[in-house]
Amino acid sequence: MKKISQIVLLLALLIIMTKSLNAQIPILYYDFEDNIDRTSFQNSVEAQINSGSGALEKFGGHGSAVHIDNMNGAGLFNLGAATGQAITTQQGGWSSETTDPGTGADYYYQFVVNTSGFRGITLSFDNSSEEDGPARTGVLFSGNGINFLSATTSPVLTGNGTFKNSGIFSLPSGADNWSTITIRIYAYSGSASDRTGRDGFSSHGKFGVDNVTVFANSIITNAGVKTLLNESNLYTCVKSGSTGGVISRNSWTINSGSAAVLTSDISLVTSQALTVLSGGVISFGSYSLLESGAASFTAASGSYINIGSANGITTSGSAGNVQTTTRNFNASANYIYNGEAAQFTGNGLPSTVTNVTINNSSGVTMSSDITISGVLTLTSGNFNIGAKTLSIGNAIQGTRTNLISNVNSNFTVGGTGNGIVIPSSVTDLHNLTISNNQAAGVLFTSSININNGTANISGFAKLNNYNLTGKGTSTLKGSSSGKLSLAGDLTTQVTGFTTNSFSNSDGGMYSFSGITAQTIPAGTYANLQSVNAAGVNLSGTVIVTGAVTLSGPLNIGPATLNICNPLSGTITNLTGTSSSNLIVSGFMPGITIPSSLTDLNNLNISNNQIVTLGGNLNINGTLTLEQSAAFLNTGGNTITIGSGVSNPGEIIRNGGSIRGTIKRWFSTGAALNKIFPLDNGSGAFAQAKISFNSVATGGTLTATFHNSGSGSLPSQGDGNYIPAPEMHVNLINLAPQYWTISAGDGLAGFNYNLELTGDAIPNVSNINYITVIKRHDSSNPWGWNYSNYIPTTGTTINPVLYYRNGTSFSDFGVAGNVENLLPVELSSFTSSINGSNVNLSWATNSEQNNSGFDIERKSDALVWKKIGNIVGHGNTNTPSNYSFTDVNNTSGKYNYRLKQIDFNGNFHYYDLASEVIIGAPKKFVLSQNFPNPFNPTTKINYELPVTNFVSLKIFDMNGREVDQLVNEVQQAGYYNVNFNAAGLPSGTYFYKLTTDKFSDVKKMVLIK
């Protein structure tokens, strides 16, 4: 084909075909031109195509040699007039038959082609017939050189005077994938119609053939790879016999699956472009793409660019493999440095690229900062970062120790790739940045020095047993997402930094992950993590402002741990001894002291939220509740102060309190003002303070505050109360709250004074008439003795109660007179009328131990009658609203009151301020009975607006009267009548109300 010839004339480019959907694959090509523009490279292209194929030979006719002669128009494209070279015959050898001789042709040109690995074989050639030459040509092929078959395309007319493309001859599938296929080209006279417009015919006339090409449509195996000249994109026109002047030239493209290798410099002209599409490959080697006018080069996304120049890819067109005016290097292209001498990446490489491969045994050095979002592959030779910044987001492939750094290098590990390893060849850096935060961590394989720069750890870096060391003026910093995992000693592994804010103000985490015990030195840390099964020990005071995460043991030992946040992970991995100190500070809620901490020396709480005790805890030294402390909630556990008679321990309270049970040790002799800073669970202070005048035998006291369950006062025959003549009152009210204080561990022979803080005791109106009462236990009655009495001090809101000269411990409660210790503070009590219904509403400001309310009513001068009950809210410091409706009342006057009852049986009455008057209705009304259906009783309501004679009768389905309920004169008002149908069978009945002004009937159903 002429196109192929003209491409070969221009381009010094060899494109190796792997798979192409856009063009056929030449597997044999004979071009007989020899004009002055043809170079040795074009000849090498032809030799590459013809590799494995035989030469073209002449059979039959006069002579058997192939003659290459000048022929008018040979080698021209588009029927030019110049003379060119072609294989010719002027001595005969062409059949004079007028019909196609086919396999019987005696004279032909024959050659051999290797089609291994290819299929879809076709044949193309240019030909010409002059004067009395043949009119038609045909093609035969054979797999064994003996038995020949015809091509599937019919013979075609030859050219007339000038060369003409023969068309495409398709070979059947039998020509596919053979190492030896013999092809014959023959010619014959043709019919008279074939000769129309031509000179006379003779089998000895001149005939010429040029540009013989065998194509394959596709590849079967990888072995079937030949040189492809991509004629669909490479168009050029050169006159045969000329000096090589270009008639026209267009841009060209390397398609997906195609690979181009430069074997010499090539030059583009103005506006010409070379584009490598995704999947396409170009290999420059030491050659360059030049230009004779402003041209362009584009490496598209997904393309493969093999760079061989020592200068790499430059921003200037004066050096490097690509020297066009415009250079478009897509960040998503694949860049391979494979030069034969040392290379630079070049400052024209995009600052962010997807994939980079280093395959140069002489090494490649970075010319500018590079971010590799895909994969860095180190196949051969060193990749020198130099004084630039290399950023990767995935694991390095190949020989990663080929990555070389120095004291001026910057290395960044980001992205989301897993299993990234910093190679052992990277030992010195200026700056190191790790933001990759995948679970596997960024792995160090050698110690790294940071030289007068910064290590910024905002991801997960695993030092293992290697060191990160600051040299000169250097900084270690990070962020709250940064984590440094160490397998050894922190003071050895992270050292030398002039400034280290990583694990305090920056919020980073040190993670201890060794296989032998590790130590955390004294200091302030943002976050700490133990994943070491062998344990991590504290040295000195360790303050953690952020999270303490426990996958492995963390042992406080004879040191101090200060936490500000809830422990996370397996919190029972935190352990301590009687020499350990724990400080709970800050303002974060939800902190739990784990059950694994059974002994501490000192416990200090300044956290202003609720701190929870996970198990029983012994404090051998001092429990300190700071002014900012809120509450220590022991739950069902006990906090014990002291370890024995010889070490009673201490409690210092500046604020806060304890919800639960406190146990304290006491020595022999006197002990003054030993506090049990209890809380009622809702923020009310309920401290018990003990002063022993003397103790014969040391032991413990255990104190607990109860919000309810005090029971009732003892019965005196005329009511439940305790006479207190010295106070001039009877103690008739009992607070539901009480303290239990019990002696243990041998405590005996004592005399004490007790002081109780009564913030949790509700509704004190007069502190002069409340006092401490005592009982042995809940199965015994409360009692009071003037010899133990000291008048209450403080205020009604914060009373302080006393008990003196005590010789035993048990339950201590609070009793008061008639106006004291009411469990409910009622803020309102009102009523409204809706017909014969009375709606009652009341509200409380607060409630203590409130079981509920009985609603009582009386009419005229009758006695009080309970008509309902509403359940109370127990204990609450917030307002509560209640309502009750008294339905179907008759006309008249009513009084209402509430009987408030606590869980101990104590009660108090609250009266409605005014009576309720229900007047006469405005019209006659007979209501539907309720319930309906019924069995056997139901209620019938009716209303009379005036005084009248009233009849109310019951009838069955047949109209027979079965009962008369009312038969009298009644005053105006609201009435309800009960009907008992116990003596009647199931069925439908009617009831009829009759007056002299009104009559109505309704139906009801009895179901038994």
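Draft legend 1. Representation of the packing of aromatic side chains within the structure. For the coordinates displayed, the defined rule picks out 31 aromatic pairs. Measuring from ring centre to ring centre gives 5.1 Å for F666 and F692, while their planes differ by 70°; the resulting arrangement is edge-to-face. Remark: F692 occurs in strand β68 (residues 688–697) and F666 occurs in strand β66 (residues 657–666); sequence separation between them is 26 residues. Here F666 falls in the buried class, since its relative accessible area comes to 2%. Geometrically, the ring pair formed by Y752 and F809 is stacked, given 4.0 Å between the ring centres and 15° between the ring planes. Placement of the pair is Y752 in strand β73 (residues 748–757) and F809 in the loop between β76 (799–806) and β77 (811–816), with a sequence separation of 57 residues. Ring-pair connections join several aromatic residues into one group, and the members of that group are F666, F692, F750, Y752, Y803, F809 and F812. Over the ring of Y738 we find R775, and its NZ or CZ is 5.0 Å from the ring centre. Positioned above the aromatic ring of Y909, the side-chain terminus of R897 is 3.8 Å from the ring centre.

Draft legend 2. A look at the nonpolar core. Core analysis: the biggest nonpolar cluster contains 134 residues, and F297, Y335, L390, Y510, L603 and F692 have the highest contact counts within it. Grouped together as the second largest cluster of nonpolar side chains are 32 residues, W94, L123, L171 and V209 included.

Draft legend 3. Region of the structure containing the pairing of strand β69 (residues 699–706). The element β69 is largely enclosed, with a buried count of seven among its eight residues. In the sheet, β66 pairs with β69 via six bridges, with the strands oriented antiparallel. Each bridged residue has a counterpart across the sheet, and for I662 the counterpart in β69 is A703. As defined by bridge partners, β69 adjoins strand β72 (residues 733–744) across seven bridges and the pair is classed as antiparallel. Considered in β72, the bridge of F705 is made with W739.

Draft legend 4. Structural context of the sheet that holds strand β90 (residues 987–994). Strand order in the open sheet formed by four strands is β88-β87-β90-β91, with antiparallel pairing between adjacent strands. Of all the strands in the sheet, the pair left with one neighbour each is β88 (961–970) and β91 (999–1006). For this sheet, the mean angle separating the axes of adjacent strands, direction not counted, is 15°. When β90 meets β91, the two strands line up antiparallel, connected through eight bridges. Note on β91: the bridge partner recorded for L993 is D1000.

Draft legend 5. Broad picture of the pattern of salt bridges. One pass over the full model with this rule turns up 13 salt bridges. In this structure, R136 and D194 form a salt bridge, with 2.8 Å as the shortest nitrogen-oxygen distance. You can see R136 sitting in strand β8 (residues 136–142) and its partner D194 sitting in the loop between β13 (181–188) and β14 (207–219), a full 58 residues away along the chain. A relative accessible area of 9% places D194 in the buried class. With a shortest N-O distance of 3.7 Å, E755 and K689 are connected by a salt bridge. Note that E755 is positioned in strand β73 and K689 in strand β68, a separation of 66 residues in sequence. Classification of E755 by relative accessible area gives partly exposed; the value is 23%. Within this structure, E650, R664 and K674 form a network of salt bridges that share partners.

Conventions used here
Residues numbered from 1 in each chain as written. Predicted model: local features only at pLDDT ≥ 70, side-chain atom pairs only at ≥ 80, totals over all residues. Heavy atoms only, no water. Phe/Tyr/Trp six-rings, centres within 6.5 Å; stacked < 30°, edge-to-face > 60°. Helix = DSSP H or I, 4+ residues; strand = E, 2+ residues; numbered from the N terminus. Buried < 20%, exposed > 50% of the residue type's maximum accessible area, 1.4 Å probe, protein only. Lys NZ or Arg CZ within 6 Å of the ring centre and 35° of its normal. Core = buried A, V, L, I, M, F, W, Y, C linked by side-chain atoms within 4.5 Å. Pairing = 2+ DSSP bridges. Axes fitted to C-alpha atoms, helices over the stretch in contact; angles between N-to-C directions. Salt bridge = Lys/Arg side-chain N within 4 Å of Asp/Glu carboxyl O.

Just geometry here; none of it tells us what the structure is for.
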